[in-house]
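What the coordinates show
So you can see what is in the structure, the chains are spelled out below.
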Amino acid sequence: MSEAYPEVGRVLVIIPTYNEIENIRIIVDRLRRAVPAADVLVADDNSPDGTGAIADELAAVDPRIHVMHRREKLGLGAAYLAGFGWAREREYDAVVEMDADGSHAPEELSRLLDALADADVVLGSRWVRGGKVVNWPLHRLVLSRGGNLYTRLALGMPIHDATGGYRAYRMTALDKMDTGTVASQGYCFQVDLAWRAHRNGFRVAEVPITFVERERGASKMSSSIVREALWRVTVWGARARTTALRRRLAGQRAGG
Ligand SMILES: Nc1nc2c(ncn2[C@@H]2O[C@H](COP(=O)(O)OP(=O)(O)OP(=O)(O)O)[C@@H](O)[C@H]2O)c(=O)[nH]1
Ligand SMILES: [Mg+2]
């Protein structure tokens, strides 16, 4: 099989969906045109609006499109973990995370994959030079910038957009990230994986993206998602500082 990204290998784009009937055709169509060499996996949590059936229709006429039907809505993180497992079983070399709502432009994916040639993890970033957000109300901008600032300070991690969900991972990196122990669900899932990549010493690249607010369908963002991220990041940061302090004390003791 010819590979569009010889330095990366076979790529699977995972699109998690819950009630995205107005978006699913559009996003898959855009993706297939923009990056024809990548395979697509729609991971649908039994959407009541019939998104899964539309995905099946798309898969029936295009062998590069696949659908994973999950029994119930278990959150974005759980859908991605199942998708990573699916990719692992089929020996993909890289996986991409992409929302269904059009916020992540498929036309920008080739830049992320180009960057993966020299990185283990590539983050589509709204908050580096050249990154943009289109049509977000002020409170979402404040939440995202504030959340990322807090994350950077609490974890001491030099990543500008740790909450974003447009990403590419080398499978070898994901395998070492021990994703079986990830408990985070919402946005926090993204921070969790970025934190694991950072702690593993992986090459993490941030590529500027233009994030566009969804035009169709309802957001699944909620205050509980924000609360989860806040407490988990705080706990991880405290744990990392305690571990560093313990090591320093042990080193001082050993050094006499
Ligand atoms: N399979 C699955 N997909 C989900 C679930 N929750 C959200 N998604 C999908 O994850 C992607 C991101 O969800 P959004 O609702 O856009 O969440 P968001 O981007 O944080 O919120 P907005 O910025 O308001 O759009 C979309 O493709 C959703 O359909 C879930 O529980 N299961
Ligand atoms: Mg969205």
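The present account deals with the structure reproduced in this document. (Residues numbered from 1 in each chain as written. Chains lettered and ligands numbered in written order. Predicted model: local features only at pLDDT ≥ 70, side-chain atom pairs only at ≥ 80, totals over all residues. Heavy atoms only, no water.)

With respect to helix H2 (residues 51-60)
Where we set the bar: The buried label goes to any residue with under 20% of its type's maximum accessible area, the exposed label to any with over 50%, and the partly exposed label to all in between, with areas taken from a 1.4 Å probe on protein chains only. Counting from the N terminus, the helices are the DSSP runs of H or I reaching at least four residues and the strands are the DSSP runs of E reaching at least two. Of all possible arcs, the one meant is that of the directions from the helix axis to the C-beta atoms. Should any heavy atoms of two residues lie within 4.5 Å, those residues are considered in contact.
Inspection of H2 places Thr-51, Gly-52, Ile-54, Ala-55 and Leu-58 among the buried residues, and these make up the whole buried set. With its buried residues spanning 160° around the axis, H2 presents them on a single face. On its buried face, H2 sits against strand E1 (11-17), helix H1 (24-34), strand E2 (39-44) and strand E3 (65-69).

Comments concerning the site of ligand 1
Quick reminder of the rule: Being near a molecule or strand, for a residue, comes down to having at least one heavy atom within 4 Å of it. Pairs of N or O atoms within 3.5 Å make up the polar contacts considered here, provided that, within protein, one atom can donate a hydrogen while the other can accept it, and that residues adjacent in sequence are counted only when both atoms are side-chain atoms. For the area figures, the Shrake-Rupley method with a 1.4 Å probe applies, and any residue is considered shielded solely by the protein chains shown. Whether a set of points on the 1 Å grid over the protein atoms alone is a cavity depends on a 1.4 Å probe fitting there but being unable to get out, while an open set qualifies as a pocket with protein on both sides within 12 Å along at least five of seven lines; lining residues are those with an atom within 4 Å of a point. Placement in a cavity or pocket follows one criterion, namely that more than half of the molecule's atoms lie within 2 Å of its grid points.
Residues in contact with ligand 1 amount to 20 residues; listed here are only the nearest, Glu-20, Lys-73, Asp-101, Ser-219 and Lys-220. A distance of 2.6 Å is found between an oxygen atom of ligand 1 and a side-chain nitrogen or oxygen belonging to Glu-20. Within the contact set of ligand 1, an oxygen atom lies 2.5 Å away from a side-chain nitrogen or oxygen of Ser-219. For ligand 1, the protein covers 95% of the area, taking 630 Å² as the surface of the free molecule. Judged by its atoms lying within 2 Å of the grid points, ligand 1 is housed in the largest pocket. Contributing elements (two or more residues each) for the shell around ligand 1: E1 and helix H3 (76-89).

Observations regarding empty space enclosed by the protein
Counted only if it meets this: Grid points are joined across faces, edges and corners, and a volume is the space filled by probe spheres set on the points.
Evaluation of the coordinates by the stated rule reveals two cavities of 30 Å³ or more. Lining the second largest cavity are Asn-23, Ile-26, Ile-27, Arg-30, Ala-100, Asp-101, Gly-102 and Arg-216.

What to know about the layout of surface pockets
By volume, the largest pocket amounts to about 990 Å³. Those elements that place two or more of their residues in the lining of the largest pocket are E1, H3, helix H5 (138-155), helix H7 (187-199) and helix H8 (223-254). Forming the walls of the second largest pocket are 14 residues, and the residues nearest its centre are Trp-195, Arg-196, Arg-199, Trp-236 and Arg-239. Elements with a minimum of two residues in the lining of the second largest pocket: H7 and H8.

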